[in-house]
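Letter by letter, the chains look like this.
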Amino acid sequence: MRITDARTGQRTEIRPHRVGLLRATIDVGEPGRPFALGDLRALVTGDVLARTCEAQGLQVITELVVPDAPGEKTRVLLEAAGRLGVHPPARLSTRHDADASDPATADLAITSRSPVHAGPASAPLLVTGPVTTPRHARPDSGDAPSAWITVDGPDPLALRLTFLEHAVTAPIRLTDDDLADAAETLARWRALVADTAREPSGPPDAGMVQAGFDGLDEDLDARVAVRALHALEARAALPDGTRFETYVRLDQVLALELGRDIGRTPG
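Just so you know, these numbers come straight off a predicted model, no measurement behind them.

Some words on the overall build of the protein
From N to C terminus, the protein includes 9 helices and 9 strands. In terms of its C-alpha atoms, the protein occupies a principal-axis envelope of roughly 55 × 45 × 30 Å. Across the 267 residues in the protein, those meeting the buried criterion constitute 48%. Sequence-distant contacts in the protein: of pairs separated by 6 or more residues, those separated by 24 or more amount to 77%. Looking at the protein as shown, the accessible area adds up to about 12,600 Å², and 52% of this sits on carbon and sulfur atoms. Of note, the protein has its 29 positive side-chain charges centred 2 Å away from the centre of its 39 negative side-chain charges.

Here is the structure:
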């Protein structure tokens, strides 16, 4: 796996210090400010990293670094991340604690912050792009994750899909229409997966799967894998068993719960 190191601007291969184990630091938040959608995006990026590596036989341990002692704000952020399918971090620490720890233990740092002081200085750094919202969209709470992930709102995984549809470092301007479109897409894919699950299984489309993982191995770019999911809808000649297995294999990393409706009675 390679990233463009935000500190050097150079293409850098991620090399774990310990064979078979990659340690990643997710550095989010600013002192005295609430967490925002950009911080949630960094957590989703770390989750995609872990899922991609684990699908290729590499264990990943993540540490979430926050500016202040973990409290209610951190709990709410992690709760929102969990609704987006993000696995809880193995370790939670403050920025002061992280600065005092051995920097050689981190193989990669992912952050939503400025690269100047983010993450262990010895680790390659990936800076996720900012997430902004129209001022009128959530006038009372702006870009707080809890304002965009509500019980009566669109499927929370629609927000995850929206993040995955953009290059990791690219900015996102998030709107309600974006989430509605993503929720519609997820509903279509889940219905298609549920339908094809009834047919005899077949091998996944190796080319689509490989292309998806190749994209993820370059800057954790999930866009190729997402495009493959769209292409699976359009390839009518593809056997249903192959279509099903390809969806399932790519969703192992994208974590959009495409198999959620398998076995459910329509209506």
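After presenting the structure, the write-up continues.
Notes on the layout of surface pockets
The space that makes up the second largest pocket amounts to roughly 350 Å³. Arg33, Pro34, Ala36, Asp39 and Asp143 are, among the 15 residues lining the second largest pocket, the residues nearest its centre. Looking at the lining of the second largest pocket residue by residue, the classes come out as 6 nonpolar, 4 polar and 5 charged.

Let's talk about empty space enclosed by the protein
Enumeration over the complete set of coordinates arrives at 1 cavity of 30 Å³ or more. In this structure, the largest cavity spans a volume of roughly 110 Å³. Looking at the lining of the largest cavity, the elements that each hand over two or more residues are helix H1 (37-55) and helix H5 (156-164). The element that contributes the greatest number of residues to the lining of the largest cavity is H1, accounting for 4 residues. Residues belonging to the lining of the largest cavity are distributed by class as follows: 7 nonpolar, 2 polar and 1 charged.

Describing H5
Within H5, 9 of the 9 residues are buried, which leaves the element mostly enclosed by the surrounding structure. The complete set of buried residues in H5 reads Pro156, Leu157, Ala158, Leu159, Arg160, Leu161, Thr162, Phe163 and Leu164. The opening residue of H5 is Asp155, an N-cap whose side-chain oxygen sits 2.9 Å from the backbone nitrogen of Leu157.

Remarks on the packing of H1 against H5
The relative placement of two packed helices is expressed as an angle between their axes plus a distance between the axes. The interhelical angle for the contact between H1 and H5, taken along N-to-C directions, is 80°, at an axis separation of 10 Å. When the interaxial angle is binned, H1 and H5 end up roughly perpendicular. Across the interface between the two elements, Leu37, Leu40, Arg41, Val44, Asp47, Val48 and Arg51 from H1 touch Leu159, Arg160, Phe163 and Leu164 from H5. Within the contact of H1 with H5, the residues separate by chemical class into 7 nonpolar, no polar and 4 charged.

Some points on the nonpolar core
Core analysis: the biggest nonpolar cluster contains 65 residues, and Leu40, Leu159, Trp189, Leu229 and Leu256 have the highest contact counts within it. Take this core: its biggest share by element is 9 residues, from H1. Ignoring any residue separated from it by four or fewer positions in sequence, one finds Leu229 in contact with Trp189, Tyr247, Leu250, Leu254, Leu256 and Leu258.

Quick look at the pattern of salt bridges
On inspection of all chains with the given rule, the structure shows 20 salt bridges. Arg95 is paired through a salt bridge with Asp27; the nearest N and O atoms lie 2.8 Å apart. With a gap of 68 residues between them, Arg95 in helix H3 (residues 95-100) and Asp27 in strand E3 (residues 21-27) connect regions that are remote in the sequence. Accessibility expressed as a relative area gives 12% for Arg95, which makes it buried.

Comments concerning the pairing of E3
Consecutive residues of a regular strand have side chains that alternate between opposite faces of the sheet. Most of E3 is tucked away, with 6 of its 7 residues classed as buried. One ladder, built from 7 bridges, connects E3 with strand E4 (residues 59-66); its direction is parallel. Of the residues in E4, the one forming a bridge with Arg23 is Ile61. Note on the crossover from E3 through H1 to E4: the handedness is right-handed.

Remarks on helix H9 (residues 240-254)
A rise of 1.5 Å per residue sets the reference length of H9, with its 15 residues, at 21 Å; its end C-alpha atoms lie 21 Å apart and thus fit the reference within 8%. Looking only at H9, the buried set comprises Gly241, Thr242, Arg243, Phe244, Thr246, Tyr247, Leu250, Asp251, Val253 and Leu254. Elements that come into contact with the buried residues of H9 comprise H1, H5, helix H6 (176-196), helix H7 (206-216) and helix H8 (223-234). One or two steps after H9, the chain reaches Ala255, where phi turns positive at roughly 55°.

Calculation rules
- Residues numbered from 1 in each chain as written.
- Predicted model: local features only at pLDDT ≥ 70, side-chain atom pairs only at ≥ 80, totals over all residues.
- Heavy atoms only, no water.
- Helix = DSSP H or I, 4+ residues; strand = E, 2+ residues; numbered from the N terminus.
- Buried < 20%, exposed > 50% of the residue type's maximum accessible area, 1.4 Å probe, protein only.
- Contact = heavy atoms within 4.5 Å.
- Areas by Shrake-Rupley, 256 points an atom, 1.4 Å probe, with all protein chains shown as cover.
- Lys, Arg positive; Asp, Glu negative; His and termini not counted.
- Charge placed at Lys NZ, Arg CZ, Asp CG, Glu CD.
- 1 Å grid on protein atoms, 1.4 Å probe; cavity = no way out; pocket = protein on both sides within 12 Å on 5 of 7 lines; lining within 4 Å.
- Points joined across faces, edges and corners; volume = space filled by probe spheres on them.
- Nonpolar A, V, L, I, M, F, W, Y, C, P; charged D, E, K, R; others polar.
- Polar contact = N/O pair within 3.5 Å; in protein donor to acceptor, adjacent residues only side chain to side chain.
- Axes fitted to C-alpha atoms, helices over the stretch in contact; angles between N-to-C directions.
- Parallel < 35°, antiparallel > 145°, perpendicular 65-115°, else oblique.
- Core = buried A, V, L, I, M, F, W, Y, C linked by side-chain atoms within 4.5 Å.
- Salt bridge = Lys/Arg side-chain N within 4 Å of Asp/Glu carboxyl O.
- Pairing = 2+ DSSP bridges.
- Right-handed = clockwise from strand over helix to strand, strands pointing away.
- Expected span 1.5 Å × (residues − 1).

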